[in-house]
Amino acid sequence: MKILSVQSAVAYGHVGNSAAVFPLQRIGVEVLPVYTVTFSNHTGYGAWRGPLIAPSDVAEVIAGIEDRGVFPEIDVVLSGYQGSDGIGDVILDAVSRVKATNPNAIYACDPVMGNAKSGCFVAPEIPVLLRDRVVPSADIVTPNQFELGYLTDTQPDTLESTHAAADALRATGPEVVLVTSVERPDREPDTIEMLAVDARGAWIVQTPLIPMKANGSGDVTAALFTAHYRESRDAADALARTVSSVYDLLALTNERGSRELLLVEAQEFYAHPRLQFPVRQVR
């Protein structure tokens, strides 16, 4: 499998491509990383150095890959945080070009906008871009519950309303919706859930809630789920493998008291997920 991954990069820590690439490589995926920024560290520190990469330069890198005749071999285009509407245009153009040479290729979009605790933390034009243009062009989308609400103009909280919102999102274009950070009022205390929905059904998995903020965990989740789903076309299996790997990555990071994901130390959890959490079909 080959994945063209258009995301940010940091020198210190693990977010964007700096979170997604290694886990994908560890499970045997060939990744072509294209960077949208090159920062010293993620912005959660409040200070960072390094350049935003102009959309025209990102487009040039992608065009150079196309010049090598690689597009027919690309199975997935993956995108995460989009810092400007110009980057969105570049990504959509790349998706169109890849699919023109490989009709079996898919586009997976992590529609990064914010979360329930922090609210929306991207530029005002980005949520509109994602909702109106990017998400309808995607085959897989991986919003958290907060982002799902914005994309569908709903307020999902119960299992039923989260299902309904995922169905509404699928009706706009995507085949598969993975909803992360699902927090419903009737769940067991100190737990969190993830829900996967496709044409064949819906599946949910519950894990203990690890009390930490983990920048980059969503990027790892989107990458692993996309790869597993593309390989098996089985949402339940992809969900089980992804949740197992990400939970063990977070548990190890929390246990060691690290602010940054212990991405390398946790590598066996990607290659050999323990599948310790049951996946329950809910539709």
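Below is a summary of the structure that appears in this document. What you see is a predicted model, and the numbers here were worked out from it, not measured in a lab. (Residues numbered from 1 in each chain as written. Predicted model: local features only at pLDDT ≥ 70, side-chain atom pairs only at ≥ 80, totals over all residues. Heavy atoms only, no water.)

Examining the nonpolar core
The biggest cluster of nonpolar side chains holds 43 residues, and the ones touching the most others in it are Leu-4, Ile-62, Ile-74 and Tyr-107. Sorting elements by how many residues they give to this core places helix 3 (residues 85-101) first, with seven residues. Setting aside residues up to four positions removed in sequence, Leu-4 forms contacts with Leu-32, Val-34, Ile-65, Ile-74, Val-76, Val-77, Leu-78 and Val-98. Core analysis: the next-biggest nonpolar cluster, separate from the first, contains 42 residues, Val-29, Leu-224, Val-243 and Val-246 among them. (Core = buried A, V, L, I, M, F, W, Y, C linked by side-chain atoms within 4.5 Å. Buried < 20%, exposed > 50% of the residue type's maximum accessible area, 1.4 Å probe, protein only. Helix = DSSP H or I, 4+ residues; strand = E, 2+ residues; numbered from the N terminus. Contact = heavy atoms within 4.5 Å.)

A short note on helix 5 (residues 145-152)
Burial runs high along helix 5: six of the eight residues are buried. Here helix 5 has its buried residues at Gln-145, Glu-147, Leu-148, Gly-149, Leu-151 and Thr-152. On its buried face, helix 5 is in contact with strand 5 (114-115), helix 4 (125-134), helix 6 (159-170) and strand 8 (176-182). A positive backbone phi angle near 55° is found at Asp-153, which sits one or two residues after helix 5.

Re the pattern of salt bridges
As enumerated under the stated definition, the model contains 15 salt bridges in all. Ionic pairing is found between Arg-97 and Glu-66, a salt bridge with its closest N-O pair at 3.5 Å. Residue Arg-97 is found in helix 3, and its partner Glu-66 is found in helix 2 (residues 55-67); the two are separated by 31 residues along the sequence. Accessibility expressed as a relative area gives 39% for Arg-97, which makes it partly exposed. In this structure Glu-66 comes out as partly exposed when scored by relative accessible area, which is 28%. Residue Lys-99 is joined to Asp-139 by a salt bridge in which the shortest nitrogen-to-oxygen separation is 2.8 Å. (Salt bridge = Lys/Arg side-chain N within 4 Å of Asp/Glu carboxyl O.)

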